[in-house]
Amino acid sequence: MTQKEKTNTYTTTNYNELSIQVSLSGLSFCVLDGLSKTIFCIEHHPFETSVTPQALLQKTEELFREREILNQPFKKVYVVHENDLSTFVPKPLFNDKHLSEYLKFNVKIFNTDFVTYDDISSMGLINVYIPFVNINNYIFDRFGEFEYRHFSSILVETILHNHPDVTTPHMYVHVQQGHFEIAVIKDKKLLLYNTFEYANKEDFIYYILFTAEQLKLNPEEFPLYFLGEIYEGDEFHEIAYTYVRHIHFGNNHCRYRMAGDLQTVEPHRELISVNSF
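First, a word on what this report is: a plain description of the structure on this page. (Residues numbered from 1 in each chain as written. Predicted model: local features only at pLDDT ≥ 70, side-chain atom pairs only at ≥ 80, totals over all residues. Heavy atoms only, no water.)

1. Re the packing of aromatic side chains
And step 1. Taken as a whole and assessed by the stated rule, the structure comprises 22 aromatic pairs.
And step 2. On the basis of an interplanar angle of 25° and a centroid distance of 5.4 Å, the ring pair of Tyr172 and Tyr225 is categorised as stacked. Highlighted residues: Tyr172 in strand 9 (residues 170-176) and Tyr225 in strand 12 (residues 223-228), separated in sequence by 53 residues.
And step 3. Residue Tyr172 is classed as buried on the basis of its relative accessible area, which comes to 11%.
And step 4. A cation over a ring is seen here: Lys59 above Phe47, with NZ or CZ 5.2 Å from the ring centre. (Phe/Tyr/Trp six-rings, centres within 6.5 Å; stacked < 30°, edge-to-face > 60°. Helix = DSSP H or I, 4+ residues; strand = E, 2+ residues; numbered from the N terminus. Buried < 20%, exposed > 50% of the residue type's maximum accessible area, 1.4 Å probe, protein only. Lys NZ or Arg CZ within 6 Å of the ring centre and 35° of its normal.)

Structural data, given as structure tokens:
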């Protein structure tokens, strides 16, 4: 595993909280001192290649063996499931007796799959998804009771909650290793959410422009906000700037203090980590 973002000096207390983000392409975790409201650790451990759910469990167990900071009692533990096995449903159309029905048009579902949902009631949305059940079982065996959500719930809820009250459609692009998410917001409502895999900058700009075309958004007019693993001047930022006029970097809207070296983290990064508590 490759480690990024250093852990600052920390004290084991009864108030520390852990958030761990799991995906087939890597693991991340974030530790919050709930007493001082300070985040003192964010780490990313990407895998060289995508793994199976069974191998993901092995990688998770390995991470807990290797990282001393994870071997302490936590007041609260949160698991964030990152995959493309999800869909948003308007709350008035939702019925919890038909969870698989919402997913079957976009996701291949097996009879053994466990389907659950996040209730984003403040935004009038339900996010139906398939979590990594083996990871949930491992975390429960290790820590007991914990909370879990889908990463897209955190992403969309944070964007919607902080979106300005304007009628102009805004596009938000959240970039991660090998894939990115697009959320289009209008009148503080979710107009579109989708996730795309990319291998190069041409894939990247194609899906952005394709989404704009489908929604009849003029690249000369709509504002585009970047979040996540993208930087000013890199090839993805540059190619987007060639085709879209109004490009900005968004904000992770962190409610906590950042300790030590983490204070240098750019504001458009780590949205999922810092909003997962």
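On we go from here.
2. Examining the nonpolar core
And step 1. Core analysis: the biggest nonpolar cluster contains 24 residues, and Leu18, Val22, Phe29, Val31, Leu56 and Ile139 have the highest contact counts within it.
And step 2. Within the residue set of this core, elements represented by two or more residues are strand 1 (16-23), strand 2 (26-33), strand 3 (38-46), helix 1 (53-66), strand 4 (76-81) and helix 3 (133-143).
And step 3. With sequence-adjacent residues up to four places away left out, Phe29 is seen in contact with Leu18, Ser19, Ile20, Cys41, Ile42, Glu43, His45, Leu63, Arg67, Ile69 and Leu70.
And step 4. Residues Met171, Phe204, Ile208 and Leu217 belong to the second largest nonpolar core, which totals 22 residues. (Core = buried A, V, L, I, M, F, W, Y, C linked by side-chain atoms within 4.5 Å. Contact = heavy atoms within 4.5 Å.)

3. Thoughts on the sheet that holds strand 8 (residues 147-150)
And step 1. Read from one edge to the other, the open sheet built from 6 strands follows the order 8-4-1-2-3-14, with strand pairing classed as mixed. Each edge of the open sheet is held by one strand with a lone partner, namely strand 8 and strand 14 (257-258).
And step 2. When strand 3 meets strand 14, the two strands line up parallel, connected through 2 bridges. In the strand pairing of strand 14, Ile39 is matched with Met258.
And step 3. The sheet strands contacting helix 1 are strand 1, strand 2 and strand 3, and the helix crosses strand 1 at an angle near 150°.
And step 4. Contacts from helix 4 (residues 151-162) reach strand 4 and strand 8, with the element oriented near 70° to strand 8. (Pairing = 2+ DSSP bridges. Axes fitted to C-alpha atoms, helices over the stretch in contact; angles between N-to-C directions.)

4. A look at the environment of Ser121
And step 1. Relative to the helices and strands, Ser121 is located in the loop between strand 6 (116-120) and strand 7 (125-129).
And step 2. Taking the relative accessible area as the measure of exposure, Ser121 reaches 45% and is therefore partly exposed.

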